[in-house]
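Architecture and fold: a report
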Amino acid sequence: PRPILLTRHGESQDNVKGRIGGDPVLSEAGEKYALKLAEFVKRRLKNETTASIWTSTLRRTGITARHIDWFSKVEWKALDEINAGVCDGMTYEEIKESMPEEYAARKADKLRYRYPRGESYLDVIQRVEPVIVELERQRSPVVVIAHQAILRSLYAYFMDKPLKEVPHIQVPLHTIIEIKMGMTGMQEKRYKLME
Ligand code: F6P
């Protein structure tokens, strides 16, 4: 069966500062991950004649994909990270201090909470639907290099997780989640390439 490999981009300069959203480039560790990811894909998909690499339109995913230059690439706007609206570029601490009601509302219902002029997880789950349709039609492996909220949504769909769990699924940096349709349902393997 054809695997789907899911990964977040390498650590970004905003991840280091704890800032959400934005369009940052990678940290030094993130650059190292980009190299390790390419080596991993080379080994894992060595017997595949075709496979494709899907990224978002944000720089950190394209940069993470750039050493994988032997498979074709597709950029999806629908894979861009959750839009944090007026909170884009802030840290959680800053949101808590300057917009305590927003912070509390998100904490109380992270699935439905919509950032002012931004999105909720429910919005994101709807937005990635066309990507899921295409993923299901693919006959060859796909490597999806995207973002935390996006990958939570894709993962939950394939692994059949309840909606209320989606915003809390663990999708750490520098880890590849491989999912495959097995005899007894979807199977999952995780490869942690770096700390
Ligand atoms: O911090 C990285 C990040 O991708 C942010 O850009 C995004 O807002 C956040 O994760 C999504 O995670 P959560 O829904 O847990 O805030």
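Parameters at a glance
- Residues numbered from 1 in each chain as written.
- Predicted model: local features only at pLDDT ≥ 70, side-chain atom pairs only at ≥ 80, totals over all residues.
- Helix = DSSP H or I, 4+ residues; strand = E, 2+ residues; numbered from the N terminus.
- Rg over C-alpha atoms; globule rule 2.2 N^0.38 Å.
- Buried ≥ 20, exposed ≤ 12 C-beta atoms within 10 Å, placed from the backbone.
- Near = placed C-beta within 6 Å.
- Nonpolar A, V, L, I, M, F, W, Y, C, P; charged D, E, K, R; others polar.
- Core = buried A, V, L, I, M, F, W, Y, C linked by C-beta atoms within 7 Å.
- Contact = placed C-beta atoms within 7 Å.
- UniProt positions renumbered as here; feature names shortened; annotations may be inferred.
- Pairing = 2+ DSSP bridges.
- Axes fitted to C-alpha atoms, helices over the stretch in contact; angles between N-to-C directions.
- Expected span 1.5 Å × (residues − 1).
- Arc of directions from axis to C-beta.

**Details of the overall build of the chain**
Summing up its helical and strand segments, the chain has eight helices and six strands in all. Along the chain, helices (α) and strands (β) appear in the sequence β-α-α-β-α-β-α-α-α-α-β-α-β-β when read from the amino end. Taken over the C-alpha trace, the chain has a radius of gyration of 17 Å; the compact-globule value for 195 residues is 16 Å, and the two agree within 12%. Reported as C-alpha extents along the three principal axes, the dimensions of the chain are approximately 55 × 40 × 25 Å. Out of the 195 residues belonging to the chain, those deemed buried represent 32%.

**Describing the site of the ligand**
With respect to spatial proximity, the complete set of residues near the ligand consists of N15, I20, G21, E81, I82, A84, H147, Q148, A149 and P167. Residues of the shell around the ligand, tallied by class, amount to five nonpolar, four polar and one charged.

**Re the nonpolar core**
If you look at the biggest cluster of nonpolar residues, it comprises 34 residues, and the most contacted ones within it are L6, V124, V143, V144, I145, I150 and L154. Looking at this core, the elements that each hand over two or more residues are β1 (4–8), α2 (28–44), β2 (52–55), α6 (121–127), β4 (142–146), α8 (148–159) and β5 (175–182). It is α8 that contributes the most residues to this core, five residues altogether. With residues up to four places along the chain from it excluded, the contact list for I145 reads T7, H9, I53, W54, T55, T61, T64 and A65.

**Overview of unusual backbone geometry**
Leaving glycine out, the prevailing phi sign among residues is negative, and the prevailing peptide bond configuration is trans. Within the chain, R117 stands out as a residue other than glycine whose phi angle is a positive 60 degrees. The topology assignment puts R117 in the loop between α5 (100–108) and α6.

**As for the environment of P162**
Its location among the elements puts P162 in the loop between α8 and β5. Here the alpha-carbon distance between P162 and S27, two residues 135 residues apart in the chain, equals 34 Å.

**Things to note about the UniProt feature "binding site: substrate" (unreviewed entry) in the chain**
Residues given the UniProt feature "binding site: substrate" (unreviewed entry) here are R8, H9, G10, E11, S12, Q13, D14, N15 and R60. Across 53 residues of sequence, these annotated residues stay compact in space, with a maximum C-alpha separation of 14.0 Å. Excluding anything up to four places from it in sequence, D14 contacts R19, G22 and P24. Of note, R60 is situated in helix α3 (residues 59–65). R60 gets classed as buried once you count the C-beta atoms within 10 Å, which come to 29. With residues up to four places along the chain from it excluded, the contact list for R60 reads H9, S12, P24, V25 and L26.

**A short note on the sheet that holds β2**
The sheet built from six strands is open, its strands ordered β3-β2-β4-β1-β5-β6 with mixed pairing. Looking at strand neighbours, the two that pair on one side only are β3 (72–75) and β6 (185–192), the edges of this open sheet. Between one strand axis and the next, the sheet turns by 20 degrees as a mean value, whatever way the strands run. Alignment of β5 against β6, held across eight bridges, turns out to be antiparallel. Bridging from a neighbouring strand, E178 pairs with K189 of β6. In the packing of α8 onto the sheet, the strands contacted are β1, β4, β5 and β6, and the crossing angle to β1 comes to about 155 degrees.

**So, α2**
Compared with an ideal rise of 1.5 Å per residue, which puts 17 residues at 24 Å, α2 spans 24 Å between its outermost C-alpha atoms and is within 8% of the ideal. Buried residues of α2: G30, Y33, L37 and V41, and no others. Viewed end-on, α2 has its buried residues packed into an arc of 70 degrees, placing them on one side of the element. Turned more than 90 degrees away from the buried face of α2, the exposed residues are E28, E39 and R43. Its buried side turned inward, α2 meets β1, α3 and β4.

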